[in-house]
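# Fold and geometry: a report
Below, each chain spelled out in residue letters.
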Amino acid sequence: MNWTGIATSAVGVYGLLLVVMFLFQRNLMYYPPREAPEIAPYAATGLSEIQVASPDGIKLTHWYRPPDGPDQPVVVLFHGNAGHIGDRARKYQALMADGGGLLLASYRGYGGNPGKPNEDDMTADAQAVMGYLEGQGIDPGRIVLYGESLGTGPAVKMAAKWPVAGLILEAPPGSVADVAQAHYWYLPAKWLTLDRWDVLDEIASKTAPLLVIHGDRDKTVPQRFGRRLYEVAPEPKAALFLEGASHNDLWERPEVEARVVDFVRAAVSSPQ
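We now turn to the structure provided with this report. Predicted model only: the values in this text are computed from it and were never measured.

## Topic: the side chain of H79
- Within the secondary structure, H79 is located in the loop between β3 (74–78) and α3 (89–95).
- Ignoring any residue separated from it by four or fewer positions in sequence, one finds H79 in contact with H84, I85, R88, A105, S106, Y107, Y110, E148 and G151.

## What about the pattern of salt bridges?
- Taken as a whole, this structure holds 13 salt bridges when the rule is applied.
- When the shortest N-O distance is used, the salt bridge between D125 and R108 registers 2.8 Å. Highlighted residues: D125 in helix α4 (residues 119–135) and R108 in the loop between β4 (101–105) and α4, separated in sequence by 17 residues.
- Among the residues examined, D125 registers a relative accessible area of 4% and is labelled buried.
- The residue E202 makes a salt bridge to K157 at a minimum N-O spacing of 3.4 Å. Residue E202 is found in the loop between α7 (189–192) and β7 (210–215), and its partner K157 is found in helix α5 (residues 152–161); the two are separated by 45 residues along the sequence.
- Overall, the relative accessible area of 11% leaves K157 in the buried class.
- Through salt bridges with shared partners, one network takes in D56, R108, D121 and D125.

## Here's the deal with the packing of aromatic side chains
- In this structure the tally under the stated criterion is 5 aromatic pairs.
- A ring pair is formed by Y107 and Y110, whose centres lie 5.4 Å apart and whose planes are at 80°; its orientation type is edge-to-face. Y110 matches Y107 in its accessibility class, with the two residues each being buried.
- With 6.0 Å between their ring centres and 85° between their planes, Y230 and F241 make a pair best called edge-to-face. Of the two residues, Y230 sits in helix α8 (residues 223–232) while F241 sits in strand β8 (residues 237–242), which places them 11 residues apart along the sequence.
- For K237, the ring lying beneath its charged end belongs to Y230, and the centroid distance is 4.8 Å.

## Describing the nonpolar core
- In terms of nonpolar packing, the biggest core is built from 39 residues, with F78, L145 and L167 touching the most fellow members.
- Of all the elements in the fold, those that place two or more residues in this core are β1 (48–53), β3, β4, α4, β5 (143–148), α5, β6 (166–170) and β7.
- If near-sequence neighbours (up to four positions away) are discounted, L167 is found in contact with V144, L145, A155, V156, A159, I203, P209, L210, L211 and F263.
- Counting 31 residues, the second largest nonpolar core, distinct from the first, contains Y92, V144, I213 and A245.

## Observations concerning the packing of α4 against α5
- For the pair α4 and α5, interaxial distance at closest approach is 10 Å and the crossing angle is 55°. In terms of their interaxial angle, α4 and α5 are classed as oblique. Here α4 and α5 pass one another in a crossing that is right-handed. On α5, the residues that touch E119, T123, A126, Q127 and M130 of α4 are P154, K157, M158 and K161.
- Of the residues that constitute the contact of α4 with α5, the class distribution is 4 nonpolar, 2 polar and 3 charged.

## Focus on helix α9 (residues 254–269)
- Taking 1.5 Å per residue, 16 residues should reach 22 Å; α9 reaches 23 Å between its end C-alpha atoms and fits that length.
- Restricting attention to buried positions, one finds in α9 the residues V256, V260, V261, F263, V264, A267 and V268. Down the axis of α9, the smallest arc covering the buried residues is 160°, so these residues share one side. α9 presents P254 and S269 as exposed residues on the side facing more than 90 degrees away from its buried surface.
- Along its buried surface, α9 packs onto β3, α3, β5, β6, β7 and β8.

## A word on the sheet that holds β1
- With mixed pairing, 8 strands are arranged side by side in an open sheet as β1-β2-β4-β3-β5-β6-β7-β8. Edge positions in the sheet fall to β1 and β8, since each has one partner strand and no second. Sheet twist, expressed as the mean angle between neighbouring strand axes with direction ignored, is 20°.

Analysis parameters
- Residues numbered from 1 in each chain as written.
- Predicted model: local features only at pLDDT ≥ 70, side-chain atom pairs only at ≥ 80, totals over all residues.
- Heavy atoms only, no water.
- Helix = DSSP H or I, 4+ residues; strand = E, 2+ residues; numbered from the N terminus.
- Contact = heavy atoms within 4.5 Å.
- Salt bridge = Lys/Arg side-chain N within 4 Å of Asp/Glu carboxyl O.
- Buried < 20%, exposed > 50% of the residue type's maximum accessible area, 1.4 Å probe, protein only.
- Phe/Tyr/Trp six-rings, centres within 6.5 Å; stacked < 30°, edge-to-face > 60°.
- Lys NZ or Arg CZ within 6 Å of the ring centre and 35° of its normal.
- Core = buried A, V, L, I, M, F, W, Y, C linked by side-chain atoms within 4.5 Å.
- Axes fitted to C-alpha atoms, helices over the stretch in contact; angles between N-to-C directions.
- Parallel < 35°, antiparallel > 145°, perpendicular 65-115°, else oblique.
- Left-handed = near helix turned anticlockwise from the far one by under 90°.
- Nonpolar A, V, L, I, M, F, W, Y, C, P; charged D, E, K, R; others polar.
- Expected span 1.5 Å × (residues − 1).
- Arc of directions from axis to C-beta.
- Pairing = 2+ DSSP bridges.

Structural data, given as structure tokens:
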């Protein structure tokens, strides 16, 4: 048996795998549906489409409902890497129940929006969304940022830049590069990741109260990553670590909705 030849072939296959994974990594990280979400079923809630221009000139469509009054909170929701803003109906109802405002931030390449998702541009897009709210006269002290999974990346980045009222992180990776390494343990994934979304350092710059929600059966973003982010985050902070919950069923627990609604109310009513 030609062991040298076998070893050489194995190295070649492994090298090819590295190249393929590196070149197509964003296809594995982002799952943007191309079709635009239908807002008609939610029009009665007051949500309407808005367009916000990013620094590079791309205009993205988001959904927005202004708050009923000057003292009401405004929640900005950054969703995860799959689906679009039309997939979060359960959260809409809860977050707008008391007359609060809601901005459902979309991403480039998602839901009919132009462009391709990547960390730098998505961060600039999130900054443009915050600027839009500022232009609408919304004080940052009335804004609560909500990040789902990958969406915790832009949420944390904005919380480090803006004096918002609160920050909610659902199943946060802390660092996408670290999560990639956990999934692809047989590759140097951490060192090959382009969009690292490494917010463990940036969470230290947040001043707003933090709420982390994470299930212990989460196989997409194992709970240890959320616990790590929670550990390094400064006070004030709280966590809801749920037994038996996975990545996409957290809002099936009634205690999650109740905790989120209470957190938003408290964050906006309490002086920073």
